[in-house]
Amino acid sequence: MKYLVVIFSFFFFISCISYAEIPAQETYKTHKVEKGETVYSIAKKYGVTEEAIYRLNPDAKHALSTNSLLIIPSASAPEQVVTEYKSHKVKRKETIFGIAQKYGITVDDIKKYNKFLYSRGLKKGDDLMIPQFEKGVSSQSSSETNSETTITVKDTQIHEVLPKETFYGIARKYGVSVAELKALNPEIKEGLAVGTKLNVPNTSVIEEAIIDERFDFYEVQPKEGFYRLKVKLGLSEEEIVTLNPYAKDGLKEGMILKIPKEISETISADANKVNLEDNIVNVETKRLAVLLPFQLPEIERDSVDSQKDILKKNRTLRIALDFYSGVLMAAEFAKDKGISVDLQVFDSEGSNDALSKILNQNDFSNIDAVIGPLLSKSVEFVAQELKSDAIPVFSPLSNRSIKLTSNLFQTLPDEDLLTKQMIQFLKDRSEGKKLILIADKDNKAKELILEAIPTITLLDARGKGFLYVGDLQSKMDSNRENWFVLESNNPVLISNVVGLLNGINANGKIRLFTTNKNDNFDYDDVSNVHLANLGFTFPSVSKSYDFDEKNPFLVSYKNKYGVLPNRYAVRGFDLTYDVLLRLASAKNVYDATDSDSETEYVENKFRYDKKLFSGYSNQAFYILKYGENLQLEEVK
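A quick note: this is a predicted structure, and the numbers were derived from the prediction, not measured.

> Please clarify how the nonpolar core should be interpreted in this entry.
Proteins that are soluble and globular tend to have nonpolar side chains buried together. F394, F553, F573, L575, Y577 and V579 are the most contacted members of the largest nonpolar core, which has 46 residues in total. Counting only elements with at least two residues in this core, the list comes to β10 (286-292), α12 (315-336), β12 (369-371), α20 (552-561) and α21 (567-584). It is α21 that provides the largest number of residues to this core, a total of 11 residues. Setting aside residues no more than four positions away along its own chain, V579 makes contact with L288, A369, I371 and F394. The next biggest cluster of nonpolar side chains, apart from the first, holds 25 residues, and it includes I436, I438, I494 and L512.

> Help me out: how do you make sense of the sheet that holds strand β23 (residues 616-618) in this one?
Within a beta sheet, neighbouring strands are joined by backbone hydrogen bonds and run either parallel or antiparallel to one another. Strand order in this open sheet of 7 strands is β11-β10-β12-β13-β14-β23-β22, and the pairing throughout is mixed. What marks the edges here is a single partner per strand, and that holds for β11 (341-347) and β22 (608-610). Between one strand axis and the next, the sheet turns by 25° as a mean value, whatever way the strands run. Relative to strand β14 (residues 408-410), strand β13 (residues 393-395) runs parallel, the two being bridged by 3 bridges. When the sheet's bridge partners are listed, F394 is paired in β14 with F409. Relative to β11, α12 is tilted by about 170°, and along the sheet it contacts β10, β11 and β12. Along the sheet, helix α14 (residues 376-386) makes contact with β10, β12, β13 and β14, crossing β13 at roughly 170°.

> What's the story with the environment of L243 in this structure? I'm lost.
Mapped onto the elements, L243 comes out in helix α8 (residues 237-243). Along the backbone, L243 and P260 are 17 residues apart, and their C-alpha atoms lie at a distance of 9.2 Å. Aside from chain neighbours lying at most four places away, what touches L243 is R172, F215, K258, I259 and P260.

The rules we used
- Residues numbered from 1 in each chain as written.
- Predicted model: local features only at pLDDT ≥ 70, side-chain atom pairs only at ≥ 80, totals over all residues.
- Heavy atoms only, no water.
- Core = buried A, V, L, I, M, F, W, Y, C linked by side-chain atoms within 4.5 Å.
- Buried < 20%, exposed > 50% of the residue type's maximum accessible area, 1.4 Å probe, protein only.
- Helix = DSSP H or I, 4+ residues; strand = E, 2+ residues; numbered from the N terminus.
- Contact = heavy atoms within 4.5 Å.
- Pairing = 2+ DSSP bridges.
- Axes fitted to C-alpha atoms, helices over the stretch in contact; angles between N-to-C directions.

Take a look at the structure:
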């Protein structure tokens, strides 16, 4: 048994200290330019020289716009000489104060060289220029991660920009990132004019900053190595180094690579989608264990007729059998790709006692992955038992919150994720729309929606759980689209609202949304035609396939079983095929799991995010809309 050792770095953040409690040296001020003001009048107002203002605000030499912000040095502020700049990519939960403390400078120093921070807050992924002064000492050690890089001003030369040269090409020529190049030239804001003189490193790594039209530039993202680029770009390490010889010593964040233009155009459209069928490198036999509640002891002791009755009455058994049919198809498809599969199937019988016997009586030490059991509590039990051997366990059908151990994969996005993402979807598209919320009194999404979208209008149902047309029209705006958000588990209210909205939607300006399309939306009195007329939109863990004779799985399944697969059979195929392809694209599932990469199959997609101190959860989901001919369409 090979043990997988996972080493975690733990970061702790202290967020209870307010800025007001920490004394700061007020070295710079900001000034909002008023109509009629000049640099001379502003300098005189603050008792500083015009040169001092121009030095901090080079754009002011060309034009001084009303309402623009200027950085004003304090009249008594000592002259600070910048010896070097550092580039810092903002991480999740970082604050301006924390970053300032890290580099031994002030908050004002950071804002001075990153003027956009005067108008908005800090965001994850922002590239900051961090000045280091002659007497300043940075707390950043050389052993930190590569999200911060250092360029010393003294070790530079001048590069004069030639026609067709860009930031990316020049950065690539001198072996630095775009952020590092901009940090060396803080006065350059947007665009590069021919003849512009730039500070660049003393030595170049290639001769030309221009590439021919067959190629494009690609900037290496955080944590990307040759394996991830193989998955993302389809280029091997050898191919990347051939195009970019300086990459032979390894990749670093921000490095600029030359790649074929046809590949660049593909990733720009959907950078995170990967096809693991194109990345099979590990063809060793994959040992897969499947744990499903077939309940064989109960079936074997009954007659054939009784077995048929059991199958009709036992929904769990039917689900297990359908899911298993998809598993078998996935194993066959994997074999067609040259992946040998050792499939070991066990009857969990729907009980932890049976699972204990299975785990005790069988050697799981050489198993590459486990799929199942179906119930969340049973999955937790198996994952805990196999945790010491780091054997990955995939929960196939439950999206309820479960205790994620380090080896457990929650393969269905949980309900909280769907709710939050749908709210964000509405918030991002709410401009120019009239949003109206109808919700049950105890609905858990109600407060989240009201908090996230303060402009939304709340419409409460009448005492007996229904509304009149006048109630709806009283909240609508005739000059805008009216978007109704319906959050309810009451089938009477749902059918009532859907029917009324359809009746007054003559001009097509009414849309209907929900964060949770529960079973009550399938109530007999809720018309799918009405839902389609309202463009009913909702989040979902999966989509429904349309039969396509070009889809090899659907055709193969129908040929083998005589029917098209239901959603459980499709789920069994999608999940199992994804697991097998991940095992074939890396040494193990863990190495093949990248939170930036997404895979998609017939009805399901997968993008796992590793939770600190726990396991993996699928972050990939769909937003679907009822379209014409009652077909569900994916909303981009």
